[in-house]
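Inside the fold
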Amino acid sequence: MEGDDLARLPRPGLRERFDSLAVQCLRALDYIHARGLLHNDIKPQNIMVHPPFQVKLLDFGLASAQAESAQYGLSGTIHYIAPERLKGGAVDARSDLYSLGVILYDVLTGGLPHTGEEAGQVVTSILRGQVRPPREIDPAIPERHAAFVLALLAPDPASRPANAAAALDLLNRGAGTPLSLDTPETRASFVTSGRFVGRDDELQALLDLAIAHARPAGPAARPAGPAAPPADSAARSPRLVLLSGPAGIGKSRLLRELKHRLQLAGVRNLTGRCYEDGGVPFQPFVEVLRQLPRPPQLPPALRPILDQLVPSERDAAGAARPAGAVAEPASPGNAAPAAERLGKQEFITGVADSLAQLAEGSRGVVFLEDLHWSDAPGVDLLELLLRRPGMGPWLYIGSLREEEARSAPIGRLLEHHAGAPHLRHLRLEPLGVEQVTDLIASMVPFADRPEGLSRLLAGRTEGNPLYLEELMQSLAEDGTLRRHAGGWIAESRTLESIRLPPSLASAVVQRVAGLPAEERAVAEVLAAFNRPASTGMLAAVAGIEGSRAIAAIEALERLRLVTLEPTSAGERLAGLAHSRIREAI
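Summary of the structure given here. Just so you know, these numbers come straight off a predicted model, no measurement behind them. (Residues numbered from 1 in each chain as written. Predicted model: local features only at pLDDT ≥ 70, side-chain atom pairs only at ≥ 80, totals over all residues. Heavy atoms only, no water.)

**Regarding the overall build of the protein chain**
On a plain count of helices and strands, the protein chain comes out with 26 helices and 15 strands. Going through the 585 residues of the protein chain one by one, you find that 48% of them count as buried. Look at the contacts in the protein chain between residues 6 or more apart in sequence, and 72% of them connect residues 24 or more apart. As displayed, the protein chain offers around 27,400 Å² of accessible surface, 52% of which is attributable to carbon and sulfur atoms. (Helix = DSSP H or I, 4+ residues; strand = E, 2+ residues; numbered from the N terminus. Buried < 20%, exposed > 50% of the residue type's maximum accessible area, 1.4 Å probe, protein only. Contact = heavy atoms within 4.5 Å. Areas by Shrake-Rupley, 256 points an atom, 1.4 Å probe, with all protein chains shown as cover.)

Below you can see the structure in the form of structure tokens.
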């Protein structure tokens, strides 16, 4: 991550930006505390400042649930440990706030509040709780900054601010322009990080199928779970699992959760995507082949197919050999037919054989997303993979919008293989009212369980999770959803008087319409590209200087409008988070 931690930054510069540093740290703590977590190791090395001055809280290696923190005993770095931890007492959000107070005291004064030549002396000083007032060290320190830091460093937790919101109230006393915990970015973080709700059965079914395919040798070869299928069940095992539902129903979130579970289980998985404009032939499979290392020894028949679909970087750049060098003639016995001379079915068979060859004997899962946009060659390849005898190395799991799939090439496959054992079809249903309540209650810490609001939103959205997220964003941005007395409320005379965007599309349009010029320019380029792109490419096409383009991309990511995906080369590709955002733009 680009930037420097606080320990490396000069104190005078940090002191000049004290308010910005403090409020950004409080926003981070407010977010994790609202999720029921304590960081337990707040120190300068774990706070990164990303240019121009964006503060990020790092290293959650010692983090724990608030209810369990006391069970783990002493944790953290000695100078920053709250006294109640040293005493073995109960800990809560105020312990993290104490640690932040130590950091901010150092920013103001250039020294730590408790020091000693040995650890025992530091502990004794912390337990005594006597701190030299910052203004005794430097009278130029603003009174409100000094008072704020001393409040965080109170030895008795009961004398400290109860939470990040109360701490910010102290910081704002006497400030010309009060700061807020809530920004468009923090609201987006809350709303888009709700719990995974209502899809447990589908997730377990997919996980069981994936692990059974990847580890077919029996229970001893895989983690505890359902027994491995018997050897004669290969013909009955699905080779393609299709996950369907309307836009925003939660297909991508479910597949994301599944990928995480497979990574934890050590199951290899790769992803390819289809795009509305089609892309290249076999688009999702080409993306998968790019992720598979090419072995040095390839069957001669496969080499021209892979060279055409996935040319190496050297071939693509025309640098496979030194300038002026002449290629060695292929020996007649090993000459492979040029891909252009292969018939359609022969080429498709070669692509299927390449997927098997590059698996190199190991099994795994290939995700094919948005198959309603697949081209006809891609569907023909899927047909071949479905009809091949035996279990291949890959279980294919695809997602699609069924209403669009019916008139697309993939619709033919759905019709031909309906009910066949080698194709499993899972449909995601809308969330029920209780599930909607669970979801929005996990987004922000409501003062009371939001059952009335849930009924209203469930009726408007018909249980669509993406639409729910967009409506919650809208309610937060217009002030209907706000903080009150330590919790959140939906403030309105009656729930029925709450104004809601009439559709998912209008909710997304409303959010996109308010973007600043450079962020909108980047979003428009991404919408035109309709696939992930490098920051350099986006900057060039949008006509924005590189560092400003990166700042715009990162702002869009914080708003959850863009996702950033790392590549094997260490580059990050930016893409729109959902097709509905592209449609809105």
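More follows now that the structure is in view.
**Some details on the pairing of strand E11 (residues 481-484)**
As paired elements, E11 and strand E12 (residues 487-490) share 4 bridges and run antiparallel to each other. Its bridge partner being in E12, His484 is matched across the sheet by Gly487. Where E11 folds back on E12, the antiparallel hairpin that results is connected by 2 residues, among which Ala485 adopts a positive phi of roughly 50 degrees. (Pairing = 2+ DSSP bridges.)

**Things to note about the pairing of strand E3 (residues 47-50)**
Covered by surrounding structure in E3 are Ile47 and Val49 together with Met48 and His50, the residues of both alternating faces. Sheet analysis places strand E1 (residues 4-5) next to E3, joined by 2 bridges and oriented antiparallel. Among the inter-strand pairings, Asp5 is bridged to a residue of E3, identified as Met48. Strand direction decides the pairing type here: E3 and strand E4 (residues 54-57), joined by 4 bridges, are antiparallel. By the bridge assignment, Met48 is partnered in E4 with Lys56. Linking E3 to E4, which pair antiparallel, is a turn of 3 residues.

**Some thoughts on the sheet that holds strand E14 (residues 562-566)**
As summarised here, the arrangement of the 3 strands in space is E13-E15-E14, forming an open sheet in which the pairing is antiparallel. Lying at the two open borders of the sheet, with one neighbouring strand each, are strand E13 (533-534) and E14. Packed on one face of the sheet, helix H23 (residues 517-529) meets E13, E14 and strand E15 (572-576) and runs near 85 degrees to E15. (Axes fitted to C-alpha atoms, helices over the stretch in contact; angles between N-to-C directions.)

**Overview of unusual backbone geometry**
Note the cis peptide between Pro51 and Pro52, where omega equals 0 degrees. Secondary-structure assignment places Pro52 in the loop between E3 and E4. Positive phi, normally seen in glycine, also occurs at Asn40, with a value near 75 degrees. Along the polypeptide, Asn40 turns up in the loop between strand E2 (37-38) and E3. Although it is not a glycine, Asn530 sits at a positive phi angle of roughly 60 degrees. Along the chain, Asn530 falls in the loop between H23 and E13. Its relative accessible area of 11% is what places Asn530 among the buried residues.

**Comments concerning the packing of aromatic side chains**
Evaluation of the coordinates by the stated rule reveals 5 aromatic pairs. Ring geometry for Phe190 against Trp488: centres 5.9 Å apart, planes inclined by 55 degrees, an arrangement best described as tilted. Here Trp488 lies in strand E12 and Phe190 lies in helix H9 (residues 184-191), a separation of 298 residues in the sequence. Judged by relative accessible area, which is 2%, Phe190 ranks as buried. When its relative accessible area of 4% is taken as the criterion, Trp488 is described as buried. Taken together, Tyr31, Phe190 and Trp488 form an aromatic cluster joined through their ring pairs. Its guanidinium or amino end placed over the ring of Phe367, Lys259 lies 5.1 Å from that ring's centre, counting from NZ or CZ. Here the basic side chain of Arg531 rests over the ring of Tyr275, its NZ or CZ set 4.4 Å away from the ring centre. (Phe/Tyr/Trp six-rings, centres within 6.5 Å; stacked < 30°, edge-to-face > 60°. Lys NZ or Arg CZ within 6 Å of the ring centre and 35° of its normal.)

**Quick notes on the side chain of Gln24**
Take Gln24: it is sitting in helix H2 (residues 18-34). Within polar-contact distance, the side chain of Gln24 engages the backbone oxygen of Phe53 at 3.0 Å. The contact partners of Gln24, leaving out residues within four places of it in the chain, are Phe53, Gln54 and Val55. (Polar contact = N/O pair within 3.5 Å; in protein donor to acceptor, adjacent residues only side chain to side chain.)

**Things to note about the sheet that holds strand E10 (residues 423-427)**
Strand order in the open sheet formed by 5 strands is E7-E8-E9-E6-E10, and the pairing between neighbours is parallel. Whereas interior strands pair on both sides, the edge strands pair on one side only; in this sheet they are strand E7 (268-273) and E10. Pairwise comparison of adjacent strand axes, ignoring direction, gives a mean angle of 20 degrees for this sheet. For E7 and strand E8 (residues 364-369), the ladder comprises 6 bridges, and the chain directions are parallel. Paired with Arg273 across the bridge in E8 is Glu369. Along the sheet, helix H11 (residues 251-264) contacts strand E6 (240-244), E7, E8 and strand E9 (394-400); its crossing angle with E8, the most-contacted strand, is approximately 165 degrees. Packing against the sheet, helix H12 (residues 283-291) makes contact with E7, E8 and E9, and its axis sits at approximately 140 degrees to E7.

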